[in-house]
Amino acid sequence: MIFGRVKSLDAILATAEKKSLHRSLGAFQLTMLGIGAVIGTGIFVLTAEAAQKAGPGMMLAFVIAGFVCAVAALCYAEMAAMVPVSGSAYTYSYAVMGELIAWMVGWALILEYAVAAGAVSVGWSGYVVGLIEHTFHLDIPDLLTRGPFDGGMVNLPAMLIAGLVTWLLVIGTKESASVNAVLVLIKVAALTLFIVLALPVMNMEKFTPFAPLGFSGISAAAASIFFAYVGFDAVSTAAEETKNPQRNMPIGLIGSLGICTIFYMLVAAGVIGTVGAQPVTAGGIPIAEGGIALAPGSTALSQQCAALAAAGTEAVTCSKEALAWTLREIGWPQIGNLLGLAAGLALPSVILMMMFGQTRIFFVMSRDGLLPAVFSKVHPTFKTPYVITILTGIFVALFAAFFPVGILADISNSGTLFAFAAVSIAVLVLRRTDPTRKRPFRTPAIMLTAPIAILGCMYLFWSLGVETKLMFVGWAAVGLIVYFAYSRSRSHVGRGVSDVPELDAGIPPQPVPPLPGAHTPGGQDA
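In this report, the structure presented in the accompanying data block is examined. (Residues numbered from 1 in each chain as written. Predicted model: local features only at pLDDT ≥ 70, side-chain atom pairs only at ≥ 80, totals over all residues. Heavy atoms only, no water.)

**Thoughts on the overall build of the protein**
Logical step 1: For the protein, the helix and strand inventory stands at 18 helices and zero strands.
Logical step 2: When burial is assessed residue by residue, the protein has 61% of its 526 residues classed as buried.
Logical step 3: In the protein, the share of contacts with a sequence separation of at least 24, taken over all contacts with a separation of at least 6, comes to 82%.
Logical step 4: Approximately 19600 Å² of the protein is accessible, and the part contributed by carbon and sulfur atoms is 70%. (Helix = DSSP H or I, 4+ residues; strand = E, 2+ residues; numbered from the N terminus. Buried < 20%, exposed > 50% of the residue type's maximum accessible area, 1.4 Å probe, protein only. Contact = heavy atoms within 4.5 Å. Areas by Shrake-Rupley, 256 points an atom, 1.4 Å probe, with all protein chains shown as cover.)

Here it is in structure tokens:
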């Protein structure tokens, strides 16, 4: 029953064949595409979170998360190349493992995209509020810039940016490759400047103890920091436009993830070596003397941070703009403000991309009959799916208003990890059940790569907090109820209707690569 109701791969392929793409991307372009899609967001918004969980050991957390991403991406690429419509893990699962698994993956991806957009909105708010406070010497009350978990009441700037991005999507804003390229350059330049200024003044004593909370702390940080790599599937979906994909895809994927990991480790080293990254503990008692590290995003942590600030000894784990704060602490206040400005300019495009991804999945699920048809209603003037865009925007704004960045990133990761594990299983299953199917890209050493990817995703999922795991189970249970109460009886595939909504005219576009002149992965050029 689980593997019943498979969407016909042949129907998808026949439709996609009519608009096959020119193979134009080489290993270098793929690597640049990967760096552009990945770099920046997580390191800007989650450094303090990782430090509170792992201390200096967060450097190792980047390596673990990057490795799991690499093996999952190799599996994802085989599936993306076999089902060459501009879909997602939802489309791939539907074509391979059937409707129920596809529904669960689509339902999990709602967590990935909508909650991630909320997390980036909160991160954006932290940097922009810090920039305004330090540039104009104002003190904006925490009540209006932090959620209730974080010692405030509501995060208005985060709500505001989520609302603004929603409005831009409704009126039909498209991403542009040139603008994307400029924003990627801004992020890379800001991070490079941070490394150049922070590394020369490092103090190696700050690295001890390296893992104050043991390996479990590093695992927990890796599960959170996984968020810093979300977006790498942009490379996987470019398989059908890649020259010699068998050679170039692994180079592009592993190359871009490797470069990003090194970049992230250098930034992390800059933070640790200059201002230290030991977790904040209850009552300020050192962990070596039995002190208890406080949970990131908790009210107890925000109260302890307030006490530290009052005593004039702030910690990086308390900062909402960790990188800008670090630069100000080591004597570069203006450059710190510039880095805050870079984050303020670059992060809204990430929110835009994540909300595109969300509305896109809703749109396709709605056209497949699994969600009400009103969700894929297209605006008569703007030609955008405005109902689902506004609905998504409201949820993103509410997430951003009331939850801290760490909790949102963890919830988002739970959905992503589930989707990637499902795709890795699908690749393995399909090698057995359909060995003759044409595969433009084959995952190298599949019998090794896929199980490592599945186990890696499970390990990171298990390392998430108990509340996050319970929330994911609750969300999955609600999804199953919706599926059996509504979607199953209305599904187009179940009723024998064969269509490929991924190619419909009103569908939101794929994320655009920051490479002027390159095609958008999946065939619908924005």
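That covers the picture; the talk isn't over yet.
**Describing the layout of surface pockets**
Logical step 1: There is about 1000 Å³ of room inside the largest pocket.
Logical step 2: In terms of lining residues, the largest pocket is bounded by 48 residues, among which Arg146, Glu314, Cys318, Ser319 and Lys320 are the most central.
Logical step 3: Going through the elements one at a time, helix 3 (41-54), helix 6 (99-136), helix 12 (299-310), helix 13 (322-329) and helix 16 (405-433) are the ones with two or more residues in the lining of the largest pocket.
Logical step 4: For the lining of the largest pocket, the leading source of residues is helix 6, giving eight residues.
Logical step 5: Looking at the lining of the largest pocket residue by residue, the class counts come to 20 nonpolar, 17 polar and eleven charged.
Logical step 6: If you trace the second largest pocket, you find 26 residues lining it, with Lys53, Ala295, Pro296, Gly465 and Glu467 closest to the centre.
Logical step 7: Counting residues per element, the ones that place at least two in the lining of the second largest pocket are helix 3, helix 9 (214-225), helix 16 and helix 18 (466-490). (1 Å grid on protein atoms, 1.4 Å probe; cavity = no way out; pocket = protein on both sides within 12 Å on 5 of 7 lines; lining within 4 Å. Points joined across faces, edges and corners; volume = space filled by probe spheres on them. Nonpolar A, V, L, I, M, F, W, Y, C, P; charged D, E, K, R; others polar.)

**Here's the deal with helix 14 (residues 333-367)**
Logical step 1: Compared with the 51 Å implied by 1.5 Å per residue over 35 residues, the 51 Å span of helix 14 between its first and last C-alpha is a close match.
Logical step 2: Maximal helix bending in helix 14 amounts to about 25°, located at alanine 346; proline proline 348 follows within four positions.
Logical step 3: Judged by how many residues are buried, helix 14 sits mostly within the fold: 27 of 35 residues are covered.
Logical step 4: Following helix 14 by one or two positions, glycine 369 has its phi on the positive side, about 90°. (Expected span 1.5 Å × (residues − 1). Bend = angle between axes of the 7 residues up to and from the residue.)

**Notes on the nonpolar core**
Logical step 1: Residues Phe44, Phe227, Tyr229, Leu323 and Leu339 are the most contacted members of the largest nonpolar core, which totals 149 residues.
Logical step 2: Not counting residues within four places of it along the chain, the set of residues in contact with tyrosine 229 comprises Val38, Phe62, Ala65, Gly66, Cys69, Leu257, Cys260, Thr261 and Tyr264. (Core = buried A, V, L, I, M, F, W, Y, C linked by side-chain atoms within 4.5 Å.)

**Side note on the side chain of histidine 379**
Logical step 1: The topology assignment puts histidine 379 in the loop between helix 14 and helix 15 (386-402).
Logical step 2: Note on histidine 379: relative accessible area 18%, which makes it buried.
Logical step 3: Separated by 3.0 Å, the side chain of histidine 379 and the backbone nitrogen of threonine 381 make a polar contact.
Logical step 4: Every residue in contact with histidine 379, bar those within four places of it in the chain, is listed here: Thr384 and Tyr386. (Polar contact = N/O pair within 3.5 Å; in protein donor to acceptor, adjacent residues only side chain to side chain.)

**Looking at the environment of leucine 144**
Logical step 1: Among the structural elements, leucine 144 can be located in the loop between helix 6 and helix 7 (156-170).
Logical step 2: Take leucine 144: its relative accessible area is 35%, and that puts it in the partly exposed class.
Logical step 3: Separated by ten residues in the primary sequence, leucine 144 and valine 154 place their C-alpha atoms 5.3 Å from one another.

**A few points about the state of the cysteines**
Logical step 1: Inspection of the entire model under this criterion finds one disulfide.
Logical step 2: Disulfide partner of cysteine 305: cysteine 318, at an S-S distance of 1.9 Å. Taking the torsion about the S-S bond as the criterion, the cysteine 305 to cysteine 318 disulfide, at about -80°, is left-handed. One end of the pair, cysteine 305, is in helix 12; the other, cysteine 318, is in the loop between helix 12 and helix 13, with 13 residues separating them in the sequence.
Logical step 3: The cysteine cysteine 69 is free of any disulfide, with cysteine 457 supplying the nearest cysteine sulfur at 8.2 Å. (Disulfide = S-S within 2.5 Å.)

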